[in-house]
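Descriptive structure summary
Listed below, chain by chain, are the residues.
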Amino acid sequence: MKKNRGRTGRKRRRKHSQSFVDGVNCSHKLEYIKLKKWLKDRGFEDSILRPAEFRETGRGLMATKALQAGDLIISLPEKCLLTTSTVLRSCLGGYIKNWKPPVSPLMALCTFLIAEKHAGQKSPWKPYLDVLPKTYTCPGCWEHDVVNLLPEPLRKKAQEQRTTIHELYLSSKAFFSSLQPLFAEDTGTIFTYSALEWAWCTINTRTIYMKHPQREWFSLEPDVYALAPYLDLLNHSPNVQVKAAFNEQTRSYEIWANSQCKKYGEVFICYGPHDNQRLLLEYGFVAMDNPHSSVYVSSDTLLKYLPPLDKQRKAKLSILKDHDFLENLTFGWDGPSWRLLTALKLLSLGADELYSFKVQSPDLFPVGLMQF
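Notes on the structure in this doc start here. (Residues numbered from 1 in each chain as written. Predicted model: local features only at pLDDT ≥ 70, side-chain atom pairs only at ≥ 80, totals over all residues. Heavy atoms only, no water.)

For the rest of this paragraph, the subject is the nonpolar core. Counting residues in hydrophobic clusters, the biggest one holds 71 residues, and the most contacted among them are I96, Y230 and L231. Ranked by residues supplied to this core, first place goes to helix α5 (residues 105-119) with nine residues. Residues contacting L231, with those up to four places away along its chain left out, are I74, L76, I208, Y253 and I255. In terms of nonpolar packing, the next biggest core, distinct from the first, is built from 15 residues, L302, L329, L349 and F365 among them. (Core = buried A, V, L, I, M, F, W, Y, C linked by side-chain atoms within 4.5 Å. Buried < 20%, exposed > 50% of the residue type's maximum accessible area, 1.4 Å probe, protein only. Helix = DSSP H or I, 4+ residues; strand = E, 2+ residues; numbered from the N terminus. Contact = heavy atoms within 4.5 Å.)

In this structure, the largest pocket spans a volume of roughly 1400 Å³. Around the largest pocket sit 46 residues that line it, and L234, N235, H236, Y271 and F285 are the ones nearest its centre. Elements with a minimum of two residues in the lining of the largest pocket: β3 (58-63), α10 (193-206), β5 (207-209), β7 (235-236), β8 (242-247), β9 (252-257) and β10 (268-269). The greatest single-element share of the lining of the largest pocket, amounting to five residues, is contributed by α10. Partitioned by chemical class, the residues of the lining of the largest pocket number 27 nonpolar, 12 polar and seven charged. (1 Å grid on protein atoms, 1.4 Å probe; cavity = no way out; pocket = protein on both sides within 12 Å on 5 of 7 lines; lining within 4 Å. Points joined across faces, edges and corners; volume = space filled by probe spheres on them. Nonpolar A, V, L, I, M, F, W, Y, C, P; charged D, E, K, R; others polar.)

This paragraph deals with the pairing of β3. Two faces, one strand: in a regular strand the side chains alternate between the faces of the sheet. Bridge analysis of strand β2 (residues 49-54) against β3 gives six bridges, and the strand direction is antiparallel. Following the sheet pairing, F54 is matched in β3 by G58. Counted between consecutive antiparallel strands, the loop separating β2 from β3 contains three residues. (Pairing = 2+ DSSP bridges.)

All right, on to the packing of helix α8 (residues 152-178) against α10 then. Contact geometry of α8 with α10 gives a least axis separation of 10 Å together with a crossing angle of 120°. Between α8 and α10, the angle falls in the class oblique. Handedness of the α8/α10 crossing: right-handed. For the pair formed by α8 and α10, the contact residues are Q161, R162, I165, H166, L168 and Y169 on the first element and Y193, L196, E197 and W200 on the second. Taken together, the residues of the contact of α8 with α10 break down into six nonpolar, two polar and two charged. (Axes fitted to C-alpha atoms, helices over the stretch in contact; angles between N-to-C directions. Parallel < 35°, antiparallel > 145°, perpendicular 65-115°, else oblique. Left-handed = near helix turned anticlockwise from the far one by under 90°.)

Another aspect to go through is the packing of aromatic side chains. Under the counting rule described, the total for this entry stands at 12 aromatic pairs. With centroids separated by 4.8 Å and ring planes inclined at 50°, the aromatic side chains of Y271 and Y283 adopt a geometry described as tilted. Within this pair, whereas Y271 is found in the loop between β10 and α11 (276-283), its partner Y283 is found in helix α11, the two being separated by 12 residues in sequence. Each residue in the set W99, F175, F176, F183 and F191 is aromatic and connected to the rest through ring pairs, giving one cluster. Residue placement shows K117 over the ring face of W198; its charged tip is 4.0 Å from the ring centre. (Phe/Tyr/Trp six-rings, centres within 6.5 Å; stacked < 30°, edge-to-face > 60°. Lys NZ or Arg CZ within 6 Å of the ring centre and 35° of its normal.)

Paired through backbone hydrogen bonds, the strands of a sheet run either parallel or antiparallel to each other. Sheet architecture is open: three strands sit in the order β4-β9-β8, paired in antiparallel fashion. Sheet topology places β4 (72-77) and β8 at the edges, where each strand pairs with a single neighbour. Neighbour-to-neighbour, the strand axes of this sheet turn through a mean angle of 10°, independent of strand direction. As judged from the six bridges shared by β8 and β9, these two strands associate in the antiparallel manner. Counterpart to F246 in the pairing with β9 is Y253.

This is the structure in structure tokens:
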């Protein structure tokens, strides 16, 4: 009888297929083979993680063995990271150093990504660029008609996100034009709005936090971005905890597990204790069974259910607005947030109470409000 036939073989195959029920190993695909070779040439060695497709999360990383709390998940050498130092060492470096006023670290990285993507086969970063998403699902990238269907607080944030990208594009046109000596084509056809939107979303959704020293060639905005090839395939779960930081001794960015993961299971990291609105805005997805889920309450909703004849309404709204208490009012699993309760408390004050508050504690908002 040939090997793996009969009852024992069927059990073995059934057990093996059950291991992959949650994810399908994709490490045989050409783009991942090229990426792993590219990373290996830069000192990266990995035997724990494999690219895979999962039913719930799509593309992610699978564990090839069971992981325990305290295990090292991944250690990505500094040579593999894409930072502003990478940009300054490239042909863009001289142009950035000579440009006034200085560009932001974010803009420098966006410019680099667009330029390298345009370079195609000539880019040394091509194996990484080939596995980056072609499009993103952040609300700032959605059509206006779709954005208008969102709840008011989220709709406002999505419109602000779109405005941020648009203003960044308009303010950077002159800098893009200064790069013309580097390209045979007109820079206007390379550094388009859609190209900047893609680059901005790549950085916003995929960078890890890594603080860099302030340099005179950049604006005073924090330089805290690093793109981490392969590591950025790790998906988010609000129910896991990991330890992540750049190790100065090994000169690598490391992630350590704080919980268990079964063999062939998806390895998760946590992007932070974000509610689903924050996840959708910043990363373009929402998390199922998110313990940080909350409902955002707009000021219009607050006023809708309060007495319409309140003569102090304008004064109350003015106080809330001056102290930035008309936004980020939420209702979560544990009930209304402290900010929402504070806003409701003020809006519920009678005329005499409001007068007393304005006289006694106007500079102590919101702490002084709790005395009333």
